[in-house]
Amino acid sequence: MQASRRDEVIDYIKGKYGEVFQVRTFGYIKPKSACRRACESLGYEPARTNELCKNIVDVDDLQDKKAREIAKHFMDHIINYSTHASAVIVCPDEITNYTSIERQKSTKTGEYDYVVCYEFHDCEAMGLLKLDILGLQHLDIIDRVIKQTGIDYDSIPDIDQKTARMIQQGKTEGVFQSESQGFTHLLQQLKADRAEDFIACNALYRPGSLDSGTTDEYIMRKAGKHKVTYPSPELESVLKDTYGLIVYQEQVMAGAQVLCGYSLGKADNLRRIIGRKIVEEMEPAVEEMVAAAKKLGTPKEAVDEFVKVVEASARYSFNRGHAAAYGITAWRSAYLKAHYPIEFMASFLNQKCKDKDFPAYVKATKDMGITILPPELGADMCQKRGTGIQLGTNCIKGVGSLEPPINKNSLTEIINQYPSNKLEALIKGGALDYLKVPRSKMIGSIKPVKNYYATQKSALDAIQRWKANTKFKSEYIEKKIKHYEEIIKNNVIEWHDDSSFDDIDGELKVFGFSFQDPLKHYDLSLVNNKTTFAGYVSKFKKLHDRNGNPMAFIDLDNGLSFAMFHKQYQELKEGKPYLIGAYQGSRGMIINSVRPLRRLDN
């Protein structure tokens, strides 16, 4: 369901069935945290603590013996509480008749609410009913597109060439649970052209399936490069859609019905055992299956082959119901992106406006040929503007929620209405450009305008106080009132232009990208975008390699990403432009040289 409407569903269940409470989760102290706490408890300097703990995987990796022993005492202690993303407990009457509850502060809203004190596994063991009510933000994205376009979501076809072309080109940005490099590559290998392929990918993109070779075999069989075979002829109807391979747990159920005469209930029990992947449970289940097949008269060879496939698939077979729900949602979101790109990306950017990868999503939108326009005060969400998208003020860092402007067309009233920090962010983001005042002048005039209004208010308040005053003679009161009226009369705004302000730098600070060419003032003569690149660093993530040497992953504002290993390592500043030399490695671009870009006016 939509994340924004999850509470509505919980309220419905509460009204229909009784008491409903969310479930607590526990955060435990992990090895690295335990080691850091141990070092801190011994009074070690931060530098020494960092050095000792930088490559910790296990407590035993800590070289300091005294700290290591203390760290073992910290390990696995509860460090915090949180709330499960989807699990709720449903009771027919008072919850305290079944389990304890406790008030807990929400990490999202900051408000207190009652939660069940145990993890959901313990609740299930007690016989309590646990439901998973998962709110997905992507359904909010889809809902906005449906409302804007009027499309019937349920009528979206399961096969569509335009959607297929987009997916096969690897353009999966914004497509539900399909954006990762690995998943996108699988869709391309599979030449996904229909909803069924997305369903299959959800089951095939799992460690067990990938490691067993089932994913590769599926790709080869779909492409016609490998022959489609079946464990036995009786199973062709069950495995035809997956080219003779067991991909889903439901196929095991259907096979058990065909070969062993199992009822749906008994077949589902077999599915549960396979899903749990517990060998001790598998062996008796297989023996029972063989006996049932023999009793039914199924050929022994067919049963033996089916058992082999079932035992192998226990490592990777996936629930088709889950795969279908996610796969169809992914396909339909891809369809909406392909057919309604502006509406879809506007809705997507709205959802991702606070995401660290927001600049990359904006670049992906531009790469689709969609113009990105600066925000404007009064429009707090991204929206379609002709053939482009105007960003909302929600995309500007430091703005947050805003009251509607009292007078949108008066700069002085706008400055008076909003706090200075939000005003600076709005100006840097171009949200006040419609007033046709240079940003440098607006930035430089925030303080003078606020001083003007503060003086006006102070004088007017003083006049009101003197008018209500009865302790002094009227002549003195009149003199005081005239004094403050004179202050109001002579109070003027002194506009200032902040010459140090730069529009591009301002945009980079509040968006992580610029609407203008951020490199227009820099020497780009060496840039060829093959071996030499230029851009502003939007993210610098420092790490250590397996030998403890410093390395980093670097993202530029133009969407390019690089790895920097220890021989070339140097700390780069976010928000600064660099010239980067790099080559294509097996997993991405690797830096072999880097230096600051030279300004042309220097």
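Above: the structure in question.
Since the structure is predicted, the reported quantities are computational estimates derived from the model, not experimental observations. (Residues numbered from 1 in each chain as written. Predicted model: local features only at pLDDT ≥ 70, side-chain atom pairs only at ≥ 80, totals over all residues. Heavy atoms only, no water.)

A. Seen up close, a negative patch on the surface. On the surface, Glu 280, Glu 283, Glu 287 and Glu 311 cluster together into a negatively charged patch. With three residues, helix 15 (residues 279–296) is the single largest residue contributor to the negative patch. (Patch = residues over 30% accessible without salt bridge, like charges linked within 9 Å, V, L, I, M, F, W, Y side chains within 5 Å. Areas by Shrake-Rupley, 256 points an atom, 1.4 Å probe, with all protein chains shown as cover. Salt bridge = Lys/Arg side-chain N within 4 Å of Asp/Glu carboxyl O. Lys, Arg positive; Asp, Glu negative; His and termini not counted. Charge placed at Lys NZ, Arg CZ, Asp CG, Glu CD. Helix = DSSP H or I, 4+ residues; strand = E, 2+ residues; numbered from the N terminus.)

B. Region of interest: the nonpolar core. Core analysis: the largest hydrophobic core is formed by 77 residues, its most contacted members being Phe 198, Leu 349, Ile 389 and Leu 391. The greatest single-element share of this core, amounting to nine residues, is contributed by helix 17 (residues 320–339). The contact partners of Ile 389, leaving out residues within four places of it in the chain, are Ile 342, Met 345, Ala 346, Leu 349, Thr 365, Ile 370, Thr 371, Ile 372, Leu 373, Cys 382 and Gln 383. Ala 267, Met 289, Val 303 and Val 307 belong to the second largest nonpolar core, which has 24 residues in total. (Core = buried A, V, L, I, M, F, W, Y, C linked by side-chain atoms within 4.5 Å. Buried < 20%, exposed > 50% of the residue type's maximum accessible area, 1.4 Å probe, protein only. Contact = heavy atoms within 4.5 Å.)

C. Region of interest: the packing of aromatic side chains. Using the criterion set out here, one finds 19 aromatic pairs in the structure. Arranged with centres 5.5 Å apart and planes meeting at 75 degrees, the rings of Phe 513 and Phe 515 form a pair that is edge-to-face. Since its relative accessible area comes to 3%, Phe 513 is described here as buried. Classification of Phe 515 by relative accessible area gives partly exposed; the value is 22%. Between Lys 266 and the ring centre of Tyr 262, over which it is positioned, the NZ or CZ distance is 5.1 Å. Stacked on the ring of Tyr 153, the Lys or Arg Arg 332 has its end atom at 4.9 Å from the ring centre. (Phe/Tyr/Trp six-rings, centres within 6.5 Å; stacked < 30°, edge-to-face > 60°. Lys NZ or Arg CZ within 6 Å of the ring centre and 35° of its normal.)

D. Main features of the pattern of salt bridges. All told, the structure shown has 24 salt bridges when counted by the stated rule. Where Arg 24 meets Glu 102, a salt bridge forms, and the shortest distance between an N and an O atom there is 3.3 Å. Residue Arg 24 is found in strand 1 (residues 19–28), and its partner Glu 102 is found in strand 3 (residues 101–105); the two are separated by 78 residues along the sequence. Its salt-bridge partner being Lys 72, residue Asp 60 comes within 3.7 Å of it at the nearest N-O pair. With a gap of twelve residues between them, Asp 60 in the loop between helix 3 (46–53) and helix 4 (65–74) and Lys 72 in helix 4 connect regions that are remote in the sequence. One salt-bridge network, in which partners are shared between bridges, spans Asp 60, Glu 69 and Lys 72.

E. Molecular detail of helix 18 (residues 341–351). Of all eleven residues in helix 18, nine are buried, a share of seventy percent or more. Buried residues of helix 18: Ile 342, Glu 343, Phe 344, Met 345, Ala 346, Ser 347, Phe 348, Leu 349 and Asn 350, and no others. Tucked inside the fold, the buried residues of helix 18 contact helix 6 (137–149), helix 17, helix 19 (358–367), strand 6 (371–373), strand 7 (383–385) and strand 8 (388–390).

F. Layout of the side chain of Glu 343. Position of Glu 343 among the secondary structure elements: in helix 18. Judged by its relative accessible area of 11%, Glu 343 falls in the buried class. Excluding residues within four positions of it along the chain, Glu 343 makes contact with Val 145, Gln 148, Thr 149 and Lys 384.

G. Structural view of the sheet that holds strand 7. The mixed open sheet is built from three strands, whose spatial order is 6-8-7. The two strands at the open ends of the sheet, each matched to only one other strand, are strand 6 and strand 7. Going from strand to strand, the sheet's axes swing by 35 degrees on average, the running direction of each strand aside. Across the sheet, helix 18 is in contact with strand 6, strand 7 and strand 8; its angle to strand 8 comes to roughly 25 degrees. (Pairing = 2+ DSSP bridges. Axes fitted to C-alpha atoms, helices over the stretch in contact; angles between N-to-C directions.)

H. Region of the structure containing unusual backbone geometry. One non-glycine residue with positive phi stands out, namely Tyr 243, at about 60 degrees. Mapped onto the elements, Tyr 243 comes out in the loop between helix 12 (236–239) and helix 13 (249–260). You will see that Lys 436, though not glycine, has its phi angle at about 60 degrees, which is positive. Mapped onto the elements of the fold, Lys 436 is located in the loop between helix 21 (420–428) and helix 22 (439–444). On the basis of relative accessibility, which here comes to 74%, the residue Lys 436 falls in the exposed class.

I. The environment of Ala 267, seen in detail. One can find Ala 267 in helix 14 (residues 264–276). The class for Ala 267 is buried, based on a relative accessible area of 0%. Spatially, the C-alpha atom of Ala 267 lies 39 Å from that of Ile 146, the residues being 121 residues apart in sequence. Apart from the residues within four sequence positions on either side, Ala 267 is in contact with Met 253, Gln 257 and Tyr 262.

J. Quick peek at the side chain of Gln 104. As for its placement among the helices and strands, Gln 104 is situated in strand 3. According to the relative accessible area criterion, Gln 104 is buried, its value standing at 8%. In terms of polar contacts, Gln 104 uses its side chain to reach the side chain of Thr 83, at 3.4 Å. Setting aside chain neighbours within four positions, we find Gln 104 in contact with Arg 24, Tyr 81, Ser 82, Thr 83, Glu 111, Tyr 112, Asp 113 and Val 115. (Polar contact = N/O pair within 3.5 Å; in protein donor to acceptor, adjacent residues only side chain to side chain.)

K. View of the environment of Thr 99. Inspection of the secondary structure puts Thr 99 in the loop between strand 2 (78–91) and strand 3. Note: C-alpha distance between Thr 99 and Tyr 118 (19 residues apart in sequence) is 8.3 Å. When residues no more than four places from it in sequence are discounted, the contact partners of Thr 99 are Val 116, Tyr 118, Met 126 and Leu 128.

L. Representation of the sheet that holds strand 12 (residues 577–584) in the model. Spatially, 9-10-11-13-12 is the arrangement adopted by the five strands of the closed barrel, whose pairing is mixed. Strand after strand, the sheet turns through a mean of 50 degrees between neighbouring axes, direction not considered. Sheet analysis places strand 9 (residues 532–544) next to strand 10 (residues 550–556), joined by seven bridges and oriented antiparallel. Pairing of Phe 540 across the sheet is with Ile 554, part of strand 10.

M. Broad picture of the packing of helix 9 (residues 195–204) against helix 11 (residues 214–222). Close contact between helix 9 and helix 11 brings their axes to 10 Å; oriented N to C, the two are set at 155 degrees. As summarised for this structure, helix 9 and helix 11 are arranged roughly antiparallel, according to the angle between their axes. Once helix 9 is placed against helix 11, the crossing between them reads as right-handed. Counted together, Asp 197, Ala 200 and Leu 204 of helix 9 and Thr 214, Thr 215, Tyr 218 and Lys 222 of helix 11 form the full contact between these two elements. (Parallel < 35°, antiparallel > 145°, perpendicular 65-115°, else oblique. Left-handed = near helix turned anticlockwise from the far one by under 90°.)

Read these as layout, nothing more, since geometry by itself doesn't imply function.
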